[in-house]
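# Results of the structural survey
So the chains spell out like this:
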Amino acid sequence: MTTLDKAPAEASAPTAAPTPGSAPGPVAAGPEQKLKLGGVTREDVFTVFGALVGSLGLDWVLYERVLPFSGALGFLLGWYLLFLVGYYGLGRLQWGGLLVRERLVSVLAWSSGALVLGLIADQIGYVASRGYEAAQHGNFFTETMERTASLSPIDSGGAIHAVVGSLEQLGLATLFAVPLGIAAAVFMSEVGGRMARPVRTLVEAMTALPSIVAGLFILGIVILTFGFDKSGFAASLALTVMMMPIVTRAAEVVIRLVPGTLREASYALGGSQWRTVWNVVLPTARRGLVTAVVLGMARAVGETSPVLLTAGFTSRMNANPFEGHQISLPLYIWSYVKLPVDQMVARAFAAALTLMAVVLILFVTARILGGRAAGEMSRRQKRRLARAERRDRVPSPAAPSFGADPVAASVAAPADPAVRPSAAAPFRSAVATGEH
């Protein structure tokens, strides 16, 4: 919270004028006081609460007694709009126009964030409630569906083969898409030329490409034309087509945000263009590039239609993505959630909950691998610098010299521990040679 130093009341009070011939006395200084410039006041809380209660009552009267409307969604939307209008009206009774607009924008931002958090919590809670029946059994994370039928009890079968398939397909797609995407971003932002604009147009067109088209492309080229069988490798190629434009667009924006002065400094020191890109631009934009990779993975990990056309379906464990059909978590969910059996629907929701956990783990791992920001020292470097500073502050003990001049001995071993031996060396040599 921003604060300002405010003079104490005693210091700001007028003092008596000094008499002629007398020295002015010292002004009494008290402790500094902090003046708060931000935060939430009681008036803010009462205004928000009053707007909420008043808009709720007015919305109920209009929705239930006056207007021929029904439905919870419309009721909540009308309540929110009436709340904004009521907050603006109550604010105009207390504050100026500029302050009211500023606080109205703050309310919009806070309410939008709360709405997003509420939707995420609602989705996670709904999936967890529907899939808890199957996820509470340990076999769901250790077994496959090879020996489990539709009417089998809930404590049999699992989705470990789908988890392995999703991780392998996503890993191969990331391995293919990330180098190509970052290379294309470097080409468009650093190299340029005549081909930069066609490449950017193609990438922008691929960003809006439907996922089913990517699956049909791999199905027609790789499987039908070249004769490859449906496999996890073919599914990873389809996911690569989906990931690469996302990574390219995000990486280009991040690379363009790198200050041009860093490039100029590298060129001034004699670095080539590629050495500048490799040693200056990419390390500076490392966190943003990790975010680009995370966005691409988020787009690919939940895709169903490309995997449905290229990976095939199996209920057994297949850890080899280059041979045989391989199932993934989205395909597992799509295949079992439509069955009219409660046990299979519960397994599908448990697989959805597992997919959320896998995505969370991947995002956290990517953030950790992203490392620190440009110019920020790691913990190991900070500890090493602190040890070096402590070692420089502690003087090394001087060797005793018998029969030496007491003046030279006093200079060689100064009483002030803040004087370093290196700083006292010129004085020691001057005394030893007799110079003054």
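Notes on the structure in this doc start here.

## Details of the overall build of the protein
- Counting its regular elements, the protein contains 17 helices and two strands.
- With 436 residues in all, the protein has 32% of them scored as buried.
- When contacts within the protein are restricted to residue pairs at least 6 apart in sequence, long-range pairs at least 24 apart make up 70% of them.
- When the accessible surface of the protein is totalled, it reaches about 27300 Å², and 66% of it is carbon and sulfur.

## Structural notes on helix H10 (residues 273-284)
- Taking 1.5 Å as the rise per residue, H10 with 12 residues should run 16 Å; its terminal C-alpha atoms sit 15 Å apart, in good agreement.
- Looking at H10, one finds that the buried residues are Thr-276, Val-277, Val-280, Val-281 and Leu-282.
- The inward-facing, buried residues of H10 abut helix H5 (160-191), helix H8 (232-256), helix H9 (260-268) and helix H11 (286-301).

## Here we look at the pattern of salt bridges
- Within this structure, the stated rule accounts for five salt bridges.
- For Glu-190, the salt bridge is made with Arg-263, and the minimal N-O distance between the two is 2.7 Å. One end of the pair, Glu-190, is in helix H5; the other, Arg-263, is in helix H9, with 73 residues separating them in the sequence. Across the pair, Arg-263 and Glu-190 agree in class, each one buried.
- With its nearest N and O atoms 3.4 Å apart, the salt bridge here joins Glu-252 to Arg-256. On the criterion of helical spacing, the pair formed by Glu-252 and Arg-256 is a turn pair, its members being four residues apart in helix H8.
- Three or more residues are tied together by salt bridges with common partners; here these are Arg-200, Glu-252 and Arg-256.

## A few points about the side chain of Arg-263
- When its relative accessible area of 14% is taken as the criterion, Arg-263 is described as buried.
- A distance of 3.0 Å separates a polar atom in the side chain of Arg-263 from the backbone oxygen of Ile-255.
- Separated by 2.9 Å, the side chain of Arg-263 and the backbone oxygen of Val-258 make a polar contact.
- Non-local contacts of Arg-263, meaning those with residues more than four positions away in its chain, are made with Glu-190, Ile-255, Val-258, Thr-276 and Val-281.

## Brief notes about the environment of Leu-90
- Counting through the fold element by element, Leu-90 comes out in helix H3 (residues 72-92).
- Sequence separation of Leu-90 and Gly-50 is 40 residues, and the distance between their C-alpha atoms is 8.4 Å.
- Once residues within four sequence positions are removed from consideration, Leu-90 is found in contact with Thr-47, Gly-50 and Ala-51.

## Focus: the environment of Gly-288
- Along the polypeptide, Gly-288 turns up in helix H11.
- Taking relative accessible area as the criterion, Gly-288 reaches 18% and is therefore assigned buried.
- For Gly-288 and Val-254, which are 34 residues apart along the polypeptide, the C-alpha to C-alpha distance reads 5.6 Å.

## A closer look at helix H4 (residues 97-135)
- Along its 39 residues, H4 runs 54 Å from first to last C-alpha, staying within 8% of the 57 Å computed at 1.5 Å per residue.
- In the structure, H4 departs most strongly from a straight axis at Ser-129, where the bend amounts to approximately 40 degrees.
- Burial in H4 covers these residues: Gly-97, Val-100, Leu-104, Val-107, Val-127, Gly-131, Ala-134 and Ala-135.

## Digging into a positive patch on the surface
- A cluster of like positive charges, contributed by Arg-379, Arg-380, Lys-382, Arg-383, Arg-384, Arg-387, Arg-390, Arg-391 and Arg-393, occupies part of the molecular surface.
- Relative to the helices and strands, Arg-383 resides in helix H15 (residues 379-393).
- Relative accessible area serves as the criterion here: at 48%, Arg-383 is assigned to the partly exposed category.

## A closer look at the nonpolar core
- The biggest cluster of nonpolar side chains holds 54 residues, and the ones touching the most others in it are Phe-140, Met-243, Ile-255, Leu-282 and Tyr-332.
- Contributing elements (two or more residues each) for this core: H4, H5, H8, H10, H11, helix H13 (329-336) and helix H14 (342-370).
- No other element matches H14, which puts 10 residues into this core.
- In contact with Met-243, not counting residues within four places along its chain, are Leu-170, Ala-173, Thr-174, Ala-177, Gly-296, Met-297 and Ala-300.
- With nine residues, the next largest nonpolar core counts Ile-218, Val-222, Ala-238 and Val-241 among its residues.

## Some words on the packing of helix H2 (residues 42-66) against H3
- With their axes 8 Å apart at the nearest point, H2 and H3 run at an angle of 135 degrees to one another. In this view, H2 runs oblique relative to H3, as classed from their interaxial angle. Crossing geometry of H2 relative to H3 is assigned as right-handed. Here H2 contributes Thr-47, Val-48, Gly-50, Ala-51, Leu-52, Ser-55, Leu-56, Leu-58, Asp-59, Trp-60, Leu-62 and Tyr-63 to the contact with H3, which in turn contributes Gly-74, Phe-75, Gly-78, Trp-79, Leu-82, Phe-83, Gly-86, Tyr-87 and Leu-90.
- In terms of residue class, the contact of H2 with H3 is built from 14 nonpolar, six polar and one charged.

## With respect to the side chain of Thr-148
- Along the polypeptide, Thr-148 turns up in the loop between H4 and H5.
- Take Thr-148: its relative accessible area is 14%, and that puts it in the buried class.
- For Thr-148, the side chain forms a polar contact with the main-chain nitrogen of Gly-157, separated by 3.3 Å.
- Discounting residues that sit within four places of it in the chain, Thr-148 has contacts with Ser-156, Gly-157 and Arg-347.

## Some details on the packing of aromatic side chains
- Enumeration according to the criterion identifies nine aromatic pairs in this entry.
- An angle of 80 degrees between the planes, with centres 5.8 Å apart, marks the rings of Tyr-126 and Phe-349 as edge-to-face. Note that Tyr-126 is positioned in helix H4 and Phe-349 in helix H14, a separation of 223 residues in sequence.
- When its relative accessible area of 45% is taken as the criterion, Tyr-126 is described as partly exposed.
- Through successive ring pairs, a cluster of aromatic residues spans Tyr-63, Phe-69 and Phe-75.

What counts as what
- Residues numbered from 1 in each chain as written.
- Predicted model: local features only at pLDDT ≥ 70, side-chain atom pairs only at ≥ 80, totals over all residues.
- Heavy atoms only, no water.
- Helix = DSSP H or I, 4+ residues; strand = E, 2+ residues; numbered from the N terminus.
- Buried < 20%, exposed > 50% of the residue type's maximum accessible area, 1.4 Å probe, protein only.
- Contact = heavy atoms within 4.5 Å.
- Areas by Shrake-Rupley, 256 points an atom, 1.4 Å probe, with all protein chains shown as cover.
- Expected span 1.5 Å × (residues − 1).
- Salt bridge = Lys/Arg side-chain N within 4 Å of Asp/Glu carboxyl O.
- Polar contact = N/O pair within 3.5 Å; in protein donor to acceptor, adjacent residues only side chain to side chain.
- Bend = angle between axes of the 7 residues up to and from the residue.
- Patch = residues over 30% accessible without salt bridge, like charges linked within 9 Å, V, L, I, M, F, W, Y side chains within 5 Å.
- Lys, Arg positive; Asp, Glu negative; His and termini not counted.
- Charge placed at Lys NZ, Arg CZ, Asp CG, Glu CD.
- Core = buried A, V, L, I, M, F, W, Y, C linked by side-chain atoms within 4.5 Å.
- Axes fitted to C-alpha atoms, helices over the stretch in contact; angles between N-to-C directions.
- Parallel < 35°, antiparallel > 145°, perpendicular 65-115°, else oblique.
- Left-handed = near helix turned anticlockwise from the far one by under 90°.
- Nonpolar A, V, L, I, M, F, W, Y, C, P; charged D, E, K, R; others polar.
- Phe/Tyr/Trp six-rings, centres within 6.5 Å; stacked < 30°, edge-to-face > 60°.

Honestly, that's just the spatial picture; any functional story needs more than this.
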